Structure formats: C-alpha cells, structure tokens
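Observations on the model geometry
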Amino acid sequence: MGAITGQEFLDRLRQNPPTLYIDGQRVTDPTTHPATRNMAHSLAGLYDLQHQPELRDLLTFEENGQRYATSFMVPRTKEDLAKIGEAHRVRANYALGFLGRAPDYMNANVMAAGVGADYFGACSASVKGDPRRDFAANMRRYFEFVRENDLCLTHALTNPQVNRAKQASEMPDPYIALGVVEETEEGVIVRGARMMATLPIADEILVFPSTVLKENADKSKYAMGFALPCNAPGLSFQCREPFDLGRDPEDHPLGSRFDEQDAFVIFDDVLVPWERVFLLYDVELANKAYAGTDAVLHMAYQVVNLKVAKTEAFLGTAQAIVNAIGSGQFQHVQSKVAEIIVTLEIMKALEVAAVAGAQPNGYGVMTPARGPLDAARNYYPAVYARLPELLQLLGASGIIMMPSKADREGPLGPQIQKYLQAGAASADERLKLFRLAWDMSMSSFGGRQSLYEKFFFGDPVRMHSALYEVYNKQPYVERIQAFLNQAGAPQAVAADD
Ligand SMILES: Cc1cc2nc3c(=O)[nH]c(=O)nc-3n(C[C@H](O)[C@H](O)[C@H](O)COP(=O)(O)OP(=O)(O)OC[C@H]3O[C@@H](n4cnc5c(N)ncnc54)[C@H](O)[C@@H]3O)c2cc1C
Ligand SMILES: O=C(O)Cc1ccc(O)c(O)c1
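These figures come from a predicted structure and were not determined experimentally. (Residues numbered from 1 in each chain as written. Chains lettered and ligands numbered in written order. Predicted model: local features only at pLDDT ≥ 70, side-chain atom pairs only at ≥ 80, totals over all residues. Heavy atoms only, no water.)

Quick look at the UniProt feature "domain: HpaB/PvcC/4-BUDH C-terminal" (unreviewed entry) in the chain
UniProt's feature table lists "domain: HpaB/PvcC/4-BUDH C-terminal" (unreviewed entry) at residues 286–484, given in the numbering used throughout. Overall, residues 286–484 shows 74% helix and 2% strand. The separation of its end C-alpha atoms is 43 Å. (UniProt positions renumbered as here; feature names shortened; annotations may be inferred. Helix = DSSP H or I, 4+ residues; strand = E, 2+ residues; numbered from the N terminus.)

A look at the nonpolar core
The biggest cluster of nonpolar side chains holds 152 residues, and the ones touching the most others in it are Val190, Ile205 and Phe208. Of all the elements, helix H10 (residues 295–325) adds the most residues to this core, at 16 residues. Counting the residues that make up this core, at least three belong to each of domain 1 (6–292) and domain 2 (295–474). Among residues more than four places away in sequence, those in contact with Ile205 are Thr154, His155, Ala156, Ala197, Phe226, Ala227, Leu228, Cys230, Leu235, Phe237 and Val265. (Core = buried A, V, L, I, M, F, W, Y, C linked by side-chain atoms within 4.5 Å. Buried < 20%, exposed > 50% of the residue type's maximum accessible area, 1.4 Å probe, protein only. Domains from an automatic or database assignment. Contact = heavy atoms within 4.5 Å.)

Structural notes on helix H13 (residues 386–395)
Looking only at H13, the buried set comprises Leu387, Pro388, Leu390, Leu391, Leu394 and Gly395. The buried side chains of H13 occupy one side of the element, clustering within an arc of 155° when seen end-on. (Arc of directions from axis to C-beta.)

A word on the pairing of strand E4 (residues 66–69)
Looking down a regular strand, the side chains alternate between one sheet face and the other. Here strand E3 (residues 60–63) runs beside E4; their pairing, made up of four bridges, is antiparallel. For Thr60, the partnering residue across the bridge sits in E4 and is Ala69. Where E3 folds back onto E4 in an antiparallel hairpin, the turn is made up of two residues, including Asn64, whose phi is positive at roughly 50°. (Pairing = 2+ DSSP bridges.)

Side note on the side chain of Glu351
On the secondary structure map, Glu351 appears in helix H11 (residues 331–356). For Glu351, a relative accessible area of 10% translates into the label buried. Once residues lying within four places of it in the same chain are set aside, the contact partners of Glu351 are Arg89, Tyr301, Val304 and Asn305.

Here we look at helix H7 (residues 135–149)
Side chains that are three or four residues apart share a direction in an α-helix, a result of its 3.6 residues per turn. For H7, which comprises 15 residues, the first-to-last C-alpha distance of 21 Å matches the rise-based estimate of 21 Å (1.5 Å per residue) to within 8%. Those residues of H7 that sit buried are Phe135, Ala136, Asn138, Met139, Tyr142, Phe143, Val146 and Arg147. Around the axis of H7, the buried residues are gathered within 160° of arc, so they sit on the same side. After H7 finishes, the residue Asp150 shows a positive phi value of roughly 50°. (Expected span 1.5 Å × (residues − 1).)

A short note on the sheet that holds strand E12 (residues 277–282)
Strand order in the open sheet formed by four strands is E5-E8-E9-E12, with mixed pairing between adjacent strands. Where the open sheet ends on each side, the last strands, each with one partner, are strand E5 (153–156) and E12. Averaged over neighbouring strand pairs, the angle between their axes works out to 20° when direction is ignored. The pairing of E5 with strand E8 (residues 204–207) spans four bridges and is classified as parallel. Residue pairing in the sheet places Ala156 in a bridge with Val207 of E8. Each of E5 and E8 touches helix H5 (residues 104–115); the most contacted strand, E5, lies at about 75° to it. Against the sheet, H7 engages E5, E8, strand E9 (219–229) and E12, with an angle of about 145° to E12. (Axes fitted to C-alpha atoms, helices over the stretch in contact; angles between N-to-C directions.)

Regarding the domain arrangement of the chain
Each domain of the chain was delimited in the assignment, giving domain 1 (6–292) and domain 2 (295–474). Distance from the C-alpha centre of domain 1 to the C-alpha centre of domain 2: 25 Å. Opposite the 47 residues of domain 1 that make contact, domain 2 presents 43 residues. When the two sides are added together, the surface that domain 1 and domain 2 hide from each other amounts to roughly 4,000 Å², 63% of it contributed by carbon and sulfur. Applying the counting criterion to the domain 1 and domain 2 interface returns six salt bridges. Note that Asp262 is salt-bridged to Arg448, the shortest N-O span being 2.8 Å. Our count for the contact surface shared by domain 1 and domain 2 stands at 20 residue pairs in polar contact (both at pLDDT 80 or more). Breaking the side of domain 1 that touches domain 2 down by element, the ones donating at least two residues are helix H4 (78–93), H5, helix H6 (118–121) and helix H9 (289–292). (Buried area = accessible area lost by both parts, 1.4 Å probe. Salt bridge = Lys/Arg side-chain N within 4 Å of Asp/Glu carboxyl O. Polar contact = N/O pair within 3.5 Å; in protein donor to acceptor, adjacent residues only side chain to side chain.)

Printed below as a string of structure tokens:
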C-alpha cells in the first residue's frame, strides 16, 4: 500500500477504533466524537500533505515502485538524513510544532529498530529461526508492516507513578506495573498498566521498556517490548480531560485542531501474539533497547527538527505581537525577541551539527551524531518555559482581553472593532493573533505543552545523569592535568579534533 491518504486513515480508524474512554464513556468512533474528531481530521490532513504535488517528493520516497512516508526511509547518506530532517520540519509546521507525537516520531523508532533488529535476536527468550519466536525476525517484519500500511503508532514506556521509591515487584500488587502473567501457545498474556501514551487516536501501540528497569536480576517479567492494535481485547486507554473545547478555531486556534490527547493504558490480561513480541525477560537488553538500536537518535533527530519549527512559531508570534502593538522600539522588547532568536539558532545549529557529525552505525544506517542531539534533548526542556513566558511578557493584557468571534459579531461588535484594533492591524486580525499567543502560552492546551516539553523524552534529572555517564570527559581532564603539570613556560596543547 505505502503512503496513505487522510481518507484512508479515517476509514481505518472508523473500522478499527482504539478502545478509548473519555469522561466515563467509550468512544465508539473517534472520527466523530467531539473530543477526538478534530484531531482525527488533523491527522488525516497530515497524511494528505504527503500527496500534495509540491510536497510529494520531499514527504515520500520511492522503493521498488512504491511510495512511502520519508520518515520510514533508512538513511544511508547525510543527504538522506537532511531530506528526512526537512520532511520532519515541513510536517511539524503543519501544527506550528505543537503536535508532539505526529506519526513521524514513532516511524523513526520502528525504522531504526527494524534495521537494527538483530539486537532483539540477542534476547535470551528469542528462538532463532522459529517462525513466531525469533524476535529479530518479528521486529524486522513489524517495521515492514508499519511502513507498508503507513500506520499511526502511539507508545507507552513508563509504569504507573504509584510509588517511585519502590521497584515494580514491590508495589502493593505485582501487576500494577505491566508484567507477564503467563506464556501460552499463542503468545504472552500481560497484565497491569502504563502511565502515558500520547496520541492514543492511533492504529497500534508500541510497548517498550520503561527507560531503565531498576531490577538487579538478569530476568524480569517486567522487561518486555511488543506491539498491538489499539483495539486488542483487554486493552483500554483512559484519556485525560480533553483540551478541544469545541470552540471555533479562530477562538482556539491550536486546541481546537491539535489536541493529540494523552492516555493511561490498561492491560487487562491482554494476549500479545508471539509474532508481536520483540523483547522478553532480558533486563539488560531492555534497558539498552533505545540506545542499542540507535532508535533514540533517530527519534531525537525528529525532535530537534520539530523544536526548530516550534521555536520559529514562537518567534513569528512574538514579532507579530510587537508589530501589532508598536512596541518594537523598546530595548527590553527587542531583547525578549532576541532571546527567542538565540534559542532558535541554538536548536538549528544542533540540528545541523547532528547531520554534519553523522556516521554509519553497525547496521549501515547513517546515524545522526549523539552529542548535539543529547545537547538538544537536555537544553530545550530547560529553556522551553521561557518561550510562553516571553509571549506573556510581550502581549501583557492583550493575551487575556480577547473577545471571541461571537462577541465580535454581537451587539458590542463595532466598539470591539474600534477599541481593540491594533496599531498595525484590525481588531479581527489582532484578536486572532492574541488568541494564538494565548493558546501557545496560557490555555489548558498551552499549559500541557509546558509540562510536555519538560518530560516527554524522559525525566530531565535522569537525562542529565545519563549524559554525565556517557559523555567522554576524560580528554578535558587530561588537558587540565597537562596544563597543571607544565614546568616553566606554557606548552601548546593539541586541540581536540
Ligand atoms: C504530557 C506528557 C506526555 C507524555 N507522553 C508520553 C508518551 O507518549 N509515551 C511515554 O512512554 N511516556 C510519555 N510521557 C511520560 C514521560 O516519559 C515521563 O513523564 C518521564 O519519563 C518522567 O517519568 P514520570 O512522569 O513517571 O515521573 P516520575 O518518575 O514519577 O518523577 C516524578 C518526580 O520524581 C523525581 N524522581 C522520580 N524517580 C526518580 C529517580 N529515580 N531519580 C531521581 N529523581 C526521581 C523526578 O525527577 C520528578 O521530579 C509523557 C509525559 C508527559 C508529561
Ligand atoms: O528513554 C529513552 O532513552 C527514550 C525515550 C523514548 C521515547 C519516549 O517517549 C521517552 O520518554 C524516552
């Protein structure tokens, strides 16, 4: 099949709806339910982008006479990587960078895991050559399957929060954290829950090990990697409160179209067929799965491109506000816009550096450089909160005094047009702009974005520790030692290459 259309995506979702619950009710059709229909149609629009004549060559690629989404492309050269990055940015712009988990993200994951599938073959529970239990073959086939059908995937890695002082096995019930109950001829039965799956309006869910299983044992029933359709028997998604409030898009420009949702995932004795198992019991392999296949780097490459698009949206909105209210002459206003420019340029530079330093990995995949991506992954969560704050500081009361479209069409319409016009725009234009700034920075949609940016790629505290562990600091320590050991006149120290 290859790259699908928006209509094909909607038809598939209607025929096989994920088992979503919102406000105590089952969502029988996510394409028509008020909380999910707009997002479903926005996703359809994203699928349609790849068929637009002017974007087709960028957003898809051809292999064996078939066209596939570019995010499934196995990069072999730096040019391939650059194309993938540009496609990520163009697709990110569709929602101004505010769709965190558009399908490209998981496409990058399954691409890297699929090509690096031998990693999963090393699992102690994998049976090489077995038609169903060879995990390497399963992972390879799954990549082909997702790519062939252009599936939309959600994913869930972390266990319920319950008690972070305890390990999964020490919880009040051994199946609060997702664990294997038993093996059967057909597959494994799993029970328990996972804390968070963004974009549950999806075809399939990928369940992978939570970032690090803290267990000391080599084997654990909590170590697993598998995929399932989102309507598998026993699987349920408890959605959070919707942020699509059913408002006119002019009043709620992002939330009314791009509420990707986040769901708590419950596995009530769910059968995972053997063909869909990629990892089982093996704690060490589970802990390193994202790094071992380099999937985390391809995902981080999608992320850095997405964040460039998002920061560009903040810059554009900030400057449009400044233009609208004529505040650009004030030095502190210029300085605030300059802060956004600095963040943008840093993220762009990290993206470029990731490609410039790319190297083929052991599976022949051109892999973006880890250093710049780790920097981006740690830097952006730390600075993001400043971006919505800057919009608030630049927009001030304008970000709260925003009569709606209905207000503008009501009895006070003429007064609103007069008093809420901008120095350089009509009231209609000004209010549309400020509504966007509000949705980026203050609405429930914008508030969730701030939390999302802090945590979506893991706990920032533990990400810093991970960076500390893997980064090679020794050459710099040696340089200092050499400097300190110099007797007499300083010697030139060779620069690091
Ligand atoms: C909006 C949103 C969307 C998300 N989407 C997804 C998704 O699609 N898929 C997915 O798998 N995950 C998703 N996540 C989850 C994300 O991976 C986690 O939030 C992140 O890994 C942190 O885990 P936690 O939320 O369980 O925090 P916790 O681990 O519960 O941490 C809570 C606090 O305790 C501290 N803490 C806890 N344990 C330790 C420790 N061992 N050492 C030091 N400090 C500790 C943390 O630093 C933090 O301050 C999403 C999160 C958010 C907020
Ligand atoms: O933990 C890792 O190294 C990778 C990782 C992947 C996907 C996520 O959603 C996430 O939070 C973390």
